[in-house]
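Letter by letter, the chains look like this.
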Amino acid sequence: MQLTQLKGIGKKTEELLEKAGIHDVMDLLFLFPRDYEVFYPPLTIGEIGYKTFATIRGVFTQEITERRVKKLSISQGVFQDEAGGSVRVVWFNAPFIKNTVKTGVPYVLRGRVSRKYQARQIDQPRLYSLAEYDLLEGNLQPIYPLTKGVSNQLITKCVRQALQTEAFARIDEQDFIPESVRREYGLMLRSSAVRNLHFPEDKEAYQKAVQRMSFEEIFLFIYLMKRSGTHTKEQTTLRIPADPRTRAFLKGLPFELTDAQKKVIKELQTDLDSGHVTSRLIQGDVGSGKTLVALASLMDAAFAGYQTALMAPTEVLAAQHYETIQKLFREQKTGLNAALLTGSMTALEKKAVYNALEDGRIDILIGTHALIQEKVHFSNLALVVTDEQHRFGIRQREALAAKGGSTPHMIVMSATPIPRTLALILYGDMDVSVIDELPARRLPIKNAVVDDSFHENAYRFITNQVKAGHQAYIICPLVEYSEGLDAANVEDYTEMLRQALDPSIRIGKLTGPMPPAKKNEIMTKFSNGEIDVLVSTTVVEVGVDVPNATVMMVEDANRFGLATLHQLRGRVGRGADQSYCIFVSNNRSPEAMERLGILKSSNNGFEIAAKDLEMRGPGELMGVKQSGALSFANFDLYRDGQIASEAAEAVDRILSGSLPLTQWEKDALQQQCESSRNTILL
Ligand code: ADP
Ligand code: MG
């Protein structure tokens, strides 16, 4: 059904939605909210601190004044709460406001906080009477991933209409999950799940809906994986023997390898020299030293005369690996040659790399997944290492294998802690090694869990660290302001910070949607010490290494999963100096504090993820996604272990024929596999 058949969507909106990948009513129905606006109890003005969105209760102490600057009308008032705190409130082009607002009458006010003339101010707030807000408090409104030019209100309205259409009525008929599976595993009807994700009836229904969507996603993933039949381990291939020069190189490092590193290096040596295709996952916490373990294998292959590839998820990370490895190679005169290949290089630079590669002048090619996978021709590729792989590279393996020659050995490194049972389900036929030991740290990181009122202190602290020559990260949950979302965003925060900190402090910002070249530039500047404070989303979560950074401050830390917070913490404490981690959370419920407290008491990623899950329980309503790990849309690695087991069981039963499907069900499943294969298997 066409979008323009919905009231409120004209040609122009249709085009905008089209650009965002929403082509018809069905797409709209499966555009799930990224969050829900929760009407929280108001805070006092003192408590809102530097938040970028706030809900407060109080009175206007004087009449609203209006002035005009050219064509702009600016209305201004002063709002005061019971605790005596006060804040300036500003509306633009709302001249009527001075006639509607009454002084001395209590209101609840929701709006974004900015900083003007060294003081906080609330811009364009929405006003509620106490009675109105009472009704709203605790309610949920969907917040959709927005497209420029299309308001959340419009999307909400259209989704409401879409839920009344024929298209919606047919959702269950087209369900690709077989009826028998749905019944046996207690899954919600697809239609109810869709409805409840947009407009949750209550918490239980919402949880059921989330479970249902998570199940179908992981079910399809497992089904596709099992059918793809990449049983690499049984294939024979070339042998890579352990090389004494690699051993000498490792001995020449300024530190001793941990026992865990030595153990995994041995396991890999056995694999690579076995005559069968290696397919091994190396799990190890942040900072456990995975890079060197993989490097040992890469070097063995290179010394044996083969080419290898090291793939990273981002250009920033690829560039960093390249720098590190080239430096080590030079220092120890290994005679090996690494090269970097990234999307932001010029065509000429890329050409030079391609040529050198085909001539066999490059031993280790380092780059991002996409690049190495698509365009490159190796002369004799024998080993591929993937760093921080978010999915399991099934298509990558296929693509590389399809390039002819013998199937290359595959090593995947991941810092994502996954329980063993889940790893078996998700990684299929891969062997798993765990680096369960960290190099002895010089100084443990100091952790603090604080609320918004701590900001002045925190900024003073960061200023002092910068003056001492160090650097800091500040992490916000959101990229930019999003209507109604009560969480810090990088754009506004950076502006606010420029006002709050001394102008001599160089502030930079980094977000996912920036072009890769821009991200590279910012990260390089930060690496080189040309940026003192980096305001960022969790894009810095994965693997980045800037040893001079000593402060990690996370805004609205309660919005992140503990595994993510732990990864973020891993960005500091990498140098010789004392490092600090500051988790800012305004949710001071005992649960929230206890939850964040786990981070204080443990430094072990596996343990932390497990405890987080225990505390949160399954299906807790949390807006910003818990974990970006493995980039599933609905399936949450930590939350949905049980769901994965059930889905895996269902797939096995279907494939073995013990759960018979009707011809129609088989077709529906087949069709779904074909249409989503490329988005599900990466
Ligand atoms: P990760 O497992 O997070 O990828 P890295 O491989 O980036 O960790 O290693 C983190 C840092 O620890 C690097 O600077 C690396 O040189 C250093 N390192 C690795 N192994 C050891 C060790 N055995 N002792 C001391 N430092 C080590
Ligand atoms: Mg790493």
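Residues numbered from 1 in each chain as written. Chains lettered and ligands numbered in written order. Predicted model: local features only at pLDDT ≥ 70, side-chain atom pairs only at ≥ 80, totals over all residues. Heavy atoms only, no water.

A.B. asks: How would you sum up the pattern of salt bridges? Please name residues and give values.
C.D. replies: In the structure shown here, the tally under the stated rule is 25 salt bridges. In this structure, the salt-bridge partner of Asp-652 is Lys-226, at a minimum N-O distance of 2.9 Å. Residue Asp-652 is found in helix α25 (residues 641-656), and its partner Lys-226 is found in helix α10 (residues 203-228); the two are separated by 426 residues along the sequence. Overlapping salt bridges, with partners in common, bring together Asp-175, Arg-190, Arg-212 and Glu-216 in one network. (Salt bridge = Lys/Arg side-chain N within 4 Å of Asp/Glu carboxyl O. Helix = DSSP H or I, 4+ residues; strand = E, 2+ residues; numbered from the N terminus.)

A.B. asks: Describe a nonpolar patch on the surface, with residues and values.
C.D. replies: Together, Val-69, Leu-72 and Phe-92 line one region of the surface with nonpolar side chains, adding up to about 210 Å² of accessible area. In this structure, Val-69 sits in strand β3 (residues 65-69). On the accessibility criterion, Val-69 (41% relative accessible area) is partly exposed. (Patch = residues over 30% accessible without salt bridge, like charges linked within 9 Å, V, L, I, M, F, W, Y side chains within 5 Å. Areas by Shrake-Rupley, 256 points an atom, 1.4 Å probe, with all protein chains shown as cover. Buried < 20%, exposed > 50% of the residue type's maximum accessible area, 1.4 Å probe, protein only.)

A.B. asks: Give me the pairing of strand β6 (residues 107-116): which residues, what numbers.
C.D. replies: Most of β6 sits inside the fold, with eight of its 10 residues counted as buried. In this sheet, β6 lies alongside strand β2 (residues 54-60) in antiparallel orientation, the contact comprising five bridges. Across the sheet, residue Ile-56 finds its bridge partner in β6, namely Leu-109. A loop of two residues connects β6 with strand β7 (residues 119-129), the two strands running antiparallel in sequence, and Tyr-117 in this loop sits at a positive phi of about 50°. (Pairing = 2+ DSSP bridges.)

A.B. asks: Outline the site of ligand 1, supporting the account with residue identities and numerical values.
C.D. replies: Close to ligand 1 lie 16 residues, the nearest being Glu-256, Gln-261, Gly-287, Lys-290 and Thr-291. One nitrogen or oxygen atom from the main chain of Glu-256 is found 2.9 Å from a nitrogen atom belonging to ligand 1. Contact distances for ligand 1 include 3.4 Å between an oxygen atom and a backbone N or O atom of Ser-288. For ligand 1, whose unbound accessible area comes to 570 Å², protein coverage reaches 77%. Looking at side-chain class alone, the shell around ligand 1 contains five nonpolar, six polar and five charged residues. (Near = heavy atom within 4 Å. Polar contact = N/O pair within 3.5 Å; in protein donor to acceptor, adjacent residues only side chain to side chain. Nonpolar A, V, L, I, M, F, W, Y, C, P; charged D, E, K, R; others polar.)

A.B. asks: Can you break down the confidence of the model for the protein chain residue by residue, with the values?
C.D. replies: Segments scoring low in pLDDT should not have their predicted coordinates read at a detailed level. Summarising the model, the protein chain shows a mean pLDDT of 86, and 91% of its residues fall at 70 or more. Scored below 50 in pLDDT, residues 618-628 makes 35 contacts in the model with residues more than four places away or belonging to other chains. (pLDDT = per-residue confidence, 0-100. Contact = heavy atoms within 4.5 Å.)

A.B. asks: Explain the sheet that holds strand β16 (residues 446-450) residue by residue, including any values.
C.D. replies: Judged by pairing direction, the sheet is parallel, and its six strands sit side by side in the order β16-β21-β20-β17-β19-β18 without closing on themselves. Every interior strand has two partners, whereas the edge strands, β16 and β18 (507-510), have only one. Each neighbouring strand pair of the sheet contributes to a mean axis angle of 15°, computed without reference to strand direction. With five bridges joining them, β16 and strand β21 (residues 580-584) adopt parallel strand pairing. Its bridge partner being in β21, Val-449 is matched across the sheet by Phe-583. The strands that helix α19 (residues 455-467) touches are β17 (471-475), β19 (533-536), β20 (549-554) and β21; relative to β20, the one it contacts most, it runs at about 160°. (Axes fitted to C-alpha atoms, helices over the stretch in contact; angles between N-to-C directions.)

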